[in-house]
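Chain by chain, the residues:
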Amino acid sequence: MLSRTQRLTNLSSAFAVTRNVRGLHIALTDDVITTGATMTALSELLIRAGAAAVRVWCLCRTL
């Protein structure tokens, strides 16, 4: 029930990269994407950590 802004704020320090991802092509998967906040936070973190590319795959997206 959170707004996109609230989700982004909630996720600001929720994740950490604990392995070397430099140069990797990474696929993130999720069953449903609502606002995209989680995938955005993860993607940005992985790119900052050196991933070459991040793709997001999902089964459904809410309208």
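Residues numbered from 1 in each chain as written. Predicted model: local features only at pLDDT ≥ 70, side-chain atom pairs only at ≥ 80, totals over all residues. Heavy atoms only, no water.

Trainee: How do you make sense of the side chain of serine 43 when you look at a structure like this?
Mentor: Relative to the elements of secondary structure, serine 43 occurs in helix 2 (residues 37-48). Not counting chain neighbours up to four residues away, the residues in contact with serine 43 comprise Leu28, Val54 and Val56. (Helix = DSSP H or I, 4+ residues; strand = E, 2+ residues; numbered from the N terminus. Contact = heavy atoms within 4.5 Å.)

Trainee: Got a minute to help me understand the environment of serine 3 in this structure?
Mentor: Take serine 3: it is sitting in the segment before helix 1 (4-11). Sequence-wise, serine 3 and glutamate 44 are 41 residues apart; in three dimensions their C-alpha atoms are separated by 19 Å.

Trainee: Please clarify how the UniProt feature "domain: Phosphoribosyltransferase" (unreviewed entry) in the chain should be interpreted in this entry.
Mentor: Within the UniProt annotation, "domain: Phosphoribosyltransferase" (unreviewed entry) is assigned to residues 16-61. In this annotation, residues 16-61 is assigned 26% helix and 39% strand; the end-to-end C-alpha distance for the span is 25 Å. (UniProt positions renumbered as here; feature names shortened; annotations may be inferred.)

Trainee: Hey, could you run me through the layout of surface pockets in this one?
Mentor: Gaps left between atoms show up when a probe the size of a water molecule is rolled over them. Here the largest pocket is characterised by a volume of approximately 160 Å³. Around the largest pocket, the lining residues are Leu8, Leu11, Ser12, Ser13, Phe15, Thr40, Ala41, Glu44, Leu45 and Arg48. Looking at the lining of the largest pocket, the elements that each hand over two or more residues are helix 1 and helix 2. Within the lining of the largest pocket, the residues separate by chemical class into five nonpolar, three polar and two charged. (1 Å grid on protein atoms, 1.4 Å probe; cavity = no way out; pocket = protein on both sides within 12 Å on 5 of 7 lines; lining within 4 Å. Points joined across faces, edges and corners; volume = space filled by probe spheres on them. Nonpolar A, V, L, I, M, F, W, Y, C, P; charged D, E, K, R; others polar.)

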